[in-house]
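Fold and contact review
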Amino acid sequence: MCAASSTSLLVAGAARAGSWLPRVLAAAAIPAPLAEFGYADVSLASPLHERQLRDTHAVLMSLGDDALLKPFRLMVGQPAPGEDIGGWYRYDPKYDYRTFDAGFAPSATFGQWVSALARSYAINGDAKTRERVLGLNRLYAQTIAGSFYENNRFPAYCYDKLVCGLIDSHQFVHDPDAFRILEHTTDTALPHLPKHAVEHGTSWRPNTDESYTWDESYTMPENLFLAYQRGAGDRYRDLGIQYLDETYFGPLSEGRNVLAGRHAYSYVNSLSSAMQAYFTLGSERHLRAARNAFEMLSAQSFATGGWGPDETLRAPNTNDLFDSLSNTHHSFETPCGAYAHFKLTRYLLRVSRDSRYGDSMERMMYNTVLGAKPMERDGHAFYYSDYNFSGTKVYSDHGWPCCSGTLPQVAADYRINTHFRDPQGIYVNLYLPSTLRCTQDGSSVSLTQKSGYPFESEIEFEITASRPAEFTMNFRIPAWAEGAQLAVNGKRANAAVNPGSFASVRRLWKTGDRVQLELPLKVRLEAIDPQHPETVAVLRGPLVLFPITSAKPTVTRQQLLAAKPAGTQKWQVETPGGPMNLLPFTAITDEQYTTYLLVS
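Residues numbered from 1 in each chain as written. Predicted model: local features only at pLDDT ≥ 70, side-chain atom pairs only at ≥ 80, totals over all residues. Heavy atoms only, no water.

Within the protein chain one finds 20 helices and 21 strands. Since a compact globule built from 600 residues should have a radius of gyration of about 25 Å, the 24 Å found for the protein chain is in line with a globular shape. Seen through its principal axes, the protein chain has C-alpha atoms that stretch 65 × 60 × 50 Å. Split into buried and exposed, the 600 residues of the protein chain put 60% on the buried side. Taking as baseline every contact in the protein chain between residues at least 6 positions apart, the subset at least 24 positions apart corresponds to 70%. Counting only carbon and sulfur atoms, one obtains 51% of the accessible surface of the protein chain, whose full area is about 21800 Å². Both charge centroids of the protein chain, one from 56 positive and one from 62 negative side chains, sit 5 Å from each other. (Helix = DSSP H or I, 4+ residues; strand = E, 2+ residues; numbered from the N terminus. Rg over C-alpha atoms; globule rule 2.2 N^0.38 Å. Buried < 20%, exposed > 50% of the residue type's maximum accessible area, 1.4 Å probe, protein only. Contact = heavy atoms within 4.5 Å. Areas by Shrake-Rupley, 256 points an atom, 1.4 Å probe, with all protein chains shown as cover. Lys, Arg positive; Asp, Glu negative; His and termini not counted. Charge placed at Lys NZ, Arg CZ, Asp CG, Glu CD.)

Structure below.
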């Protein structure tokens, strides 16, 4: 089906998501998607997760209003007092993209930072955070003008992030002016945007250089559909349909792999637009596109869950992934890639209830973004994970890059990835020290999770209920967790506990009930690809264990599989050259490491 006829069918059949999708699902006997809990419904007690949220929030709150508005004001010809924070955020009318340095993407992260602050307010209810969001939105509103988009090499990218910040301001901060500012933004932006999704690398603005072809109009529908769902108006549903990238989604929906050569982060991020087309329009074709693309992406992923060396998706059945272990240190665009991956897997899990998507989310979290170096007040930000045979963990050379926009959003979103719900009960997706508070069967329920996972195999849950309540609790059993066991109040649960599924326990729950889950953490090896079975990563449960070495040690499979604990969050392997330490990504600081080893 061609893009034009597909779009016309969607427009003709679309109605408000609140009425359309449930009717479609009921007619097809498909369960409604799992619902997300709110940001305030889950409190985390994990030091790593909380530190990342606290650190990114502190950086954003420390940036002055004039500094954040400076590029907007300069691009629209207004007085622009205050600090120039530099880096990509700076506006420089003489910028030369071949330097790829300060001035590359002026103001591009502003909308993401407003979004992150709004989500932080939803978590902690801090009045100063709310005041900051309201103030920034009103100052931004004074700069809205067409020249902002004309002077910007990324007009669609910036518009998309502004939409995100404004709809989150409406949803989480309850900014009464957010939709009015959104309307003004949209009215102003549209004459300066392409009329449809334009592929990365395709010129659409006359008399501009190559860098102007790197805009990302094909990622816009996700936030446009969300704006519609949150009440901004029908125009945003229609705009979401208008910017669906059918040259990409069409082949994917038919199972044709068209990932190769595409910009990694933005095209994975655009799959969330396909998922929102399903949530908003009931489009099975776009759901198939996202599902198929996830399978194709998994086939070209590293053991860490990361993908896209040198920010490029690869052709199937090639040596590209293996070759990247030697020819690049830019293995995975980490905060941006993780943000896109978390959204995609969250959406797919909600629709399918397939635990594999939770497995993928967990692997990505522990082995990539949770170990990112902290964002700093001077614009230093972590950008690439390095899976080279001689890997190091370093900051980006660029100040305030795109990943400084997504890391604060990732840090806020850990909470909404932990649990989901349906009318029958709760789905536990991520195993983190946490407390979920919700209402089940008319009872106020708290589910508190305690464990040393993923370093220890036992996880315990304690239930508190205002009165006994009958509901189902579903626990994700990872595909690698052979021999997993589930008990309630010390007795083995009457439930199927199969790796690669959710184990379900329905009963009358009351205060003091306890659930014990054991996920055996066995060491295993994963090859980089089928063509190179001797090049392997070491895993234990969801964790990749990174060998700390500056050499290429001689080691066997048996020696790696015999890795033993050697202290807190450290393992050791005996090799002919002596003991070799292995660390999870979150424990690596400045050590040289490798992700993969050649086994003899």
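Back to the write-up after that little detour.
Looking at the element boundaries, S273 is found in helix α14 (residues 271–281). A C-alpha to C-alpha distance of 37 Å links S273 and P520, two positions 247 residues apart in sequence. With sequence-adjacent residues up to four places away left out, S273 is seen in contact with Y218, T219, M220, P221, E222, F225, L244 and F249. Side-chain polar atoms of S273 contact the backbone oxygen of T219, separated by 3.3 Å. (Polar contact = N/O pair within 3.5 Å; in protein donor to acceptor, adjacent residues only side chain to side chain.)

Here we come to helix α9 (residues 178–189). Given a rise of 1.5 Å per residue, 12 residues ought to cover 16 Å, and the 16 Å separating the end C-alpha atoms of α9 matches this to within 8%. Listed in full, the buried residues belonging to α9 are A178, F179, I181, L182, T185, T186, T188 and A189. Looking at the buried positions of α9, the neighbouring elements they touch are α6 (127–141), α7 (146–150), α8 (155–173), α10 (221–229) and α11 (234–242). (Expected span 1.5 Å × (residues − 1).)

The next point concerns the packing of aromatic side chains. On inspection of all chains with the given rule, the structure shows 35 aromatic pairs. Ring centres 5.5 Å apart and planes at 70° place the aromatic pair F72 and Y140 in the edge-to-face group. Of the two residues, F72 is situated in helix α4 (residues 65–75) and Y140 in helix α6; the sequence distance between them amounts to 68 residues. Neither residue differs from the other here; F72 and Y140 are each classed as buried. For the ring pair W88 and Y383, a centre distance of 6.3 Å and an interplane angle of 75° mean the geometry is edge-to-face. With a gap of 295 residues between them, W88 in the loop between α4 and α5 (110–124) and Y383 in the loop between α18 (355–367) and β4 (384–385) connect regions that are remote in the sequence. The burial state of W88 is the same as that of Y383; both residues are buried. These aromatic residues form a ring-pair network of at least three members: W88, Y95, Y97, F104, F154, Y157, W214, Y383 and Y384. (Phe/Tyr/Trp six-rings, centres within 6.5 Å; stacked < 30°, edge-to-face > 60°.)

To continue, consider the sheet that holds strand β13 (residues 501–509). Pairing is mixed in the open sheet, where 5 strands are placed in the order β1-β5-β6-β10-β13. Looking at which strands have only one partner, the edges of the open sheet turn out to be β1 (35–36) and β13. Pairing geometry for strand β10 (residues 469–477) and β13, over 9 bridges, is antiparallel. Opposite N474, over in β13, you have S504 as the bridge partner. Sheet strands touched by α18: β10 and β13. Its angle to β10, the strand with the most contacts, is close to 60°. (Pairing = 2+ DSSP bridges. Axes fitted to C-alpha atoms, helices over the stretch in contact; angles between N-to-C directions.)

Further remarks concern the pattern of salt bridges. Across all of its chains, the model carries 36 salt bridges by this definition. One salt bridge in this structure joins K343 and E222, with 2.7 Å as the shortest N-O distance. Taken as a pair, K343 in helix α17 (residues 334–352) and E222 in helix α10 lie far apart in primary sequence, 121 residues in all. Across this residue pair, the class does not change: K343 and E222 are buried. (Salt bridge = Lys/Arg side-chain N within 4 Å of Asp/Glu carboxyl O.)

All right, on to the packing of helix α15 (residues 284–298) against α17 then. Where α15 meets α17, the closest approach of the two axes is 11 Å, and the angle between their N-to-C directions is 120°. Between α15 and α17, the crossing angle belongs to the class labelled oblique. When you trace α15 past α17, the crossing you get is left-handed. Contacts from L287, A290, R291, F294 and L297 in α15 reach H341, L344, T345, L348, V351 and S352 in α17. (Parallel < 35°, antiparallel > 145°, perpendicular 65-115°, else oblique. Left-handed = near helix turned anticlockwise from the far one by under 90°.)

With that settled, the discussion passes to the packing of α8 against α10. As a packed pair, α8 and α10 sit with axes 9 Å apart at the nearest point and diverge in direction by 30°. Relative to α10, the element α8 lies roughly parallel. Every pair of crossing elements has a handedness; the one defined by α8 and α10 is left-handed. The residues of α10 that touch α8, namely those facing Y159, D160, V163, C164 and I167, are N223, L224, L226 and A227. Residue classes in the contact of α8 with α10 are distributed as 7 nonpolar, 1 polar and 1 charged. (Nonpolar A, V, L, I, M, F, W, Y, C, P; charged D, E, K, R; others polar.)

Turning our attention to α8. In a regular helix each residue adds 1.5 Å, so 19 residues correspond to 27 Å; α8 covers 26 Å between its end C-alpha atoms and thus fits that length. Within α8, 17 of the 19 residues are buried, which leaves the element mostly enclosed by the surrounding structure.

Time to look at the side chain of K343. For K343, a relative accessible area of 5% translates into the label buried. Not counting residues up to four positions away in its chain, the partners in contact with K343 are E222, N269 and S272.

Quick look at the state of the cysteines now. Inspection of the entire model under this criterion finds 0 disulfides. Free cysteine: C158, not disulfide-bonded; nearest cysteine sulfur from C402 at 12 Å. Take C158: its relative accessible area is 2%, and that puts it in the buried class. Sulfur of C164: no disulfide; nearest cysteine sulfur belongs to C336 and is 12 Å away. (Disulfide = S-S within 2.5 Å.)

The 7 strands are arranged β2-β7-β8-β9-β14-β11-β12 in an open sheet whose pairing can be described as antiparallel. The open sheet has two free edges, formed respectively by β2 (42–44) and β12 (491–492), since each of these has just one partner strand. Across 7 bridges, strand β7 (residues 434–440) lies against strand β8 (residues 443–451) in antiparallel orientation. Looking at the pairing, S434 lines up with Q449 of β8.

Quick look at unusual backbone geometry now. Note the cis peptide between Y453 and P454, where omega equals 10°. Relative to the helices and strands, P454 is located in the loop between β8 and β9 (458–465). In this model, D310 sits at a positive phi of 55°, which is unusual for a non-glycine residue. Tracing the backbone through its elements, the reader meets D310 in the loop between α15 and α16 (320–327). When its relative accessible area of 36% is taken as the criterion, D310 is described as partly exposed. Of note in the backbone geometry, R353 takes a positive phi value of approximately 60° without being a glycine.

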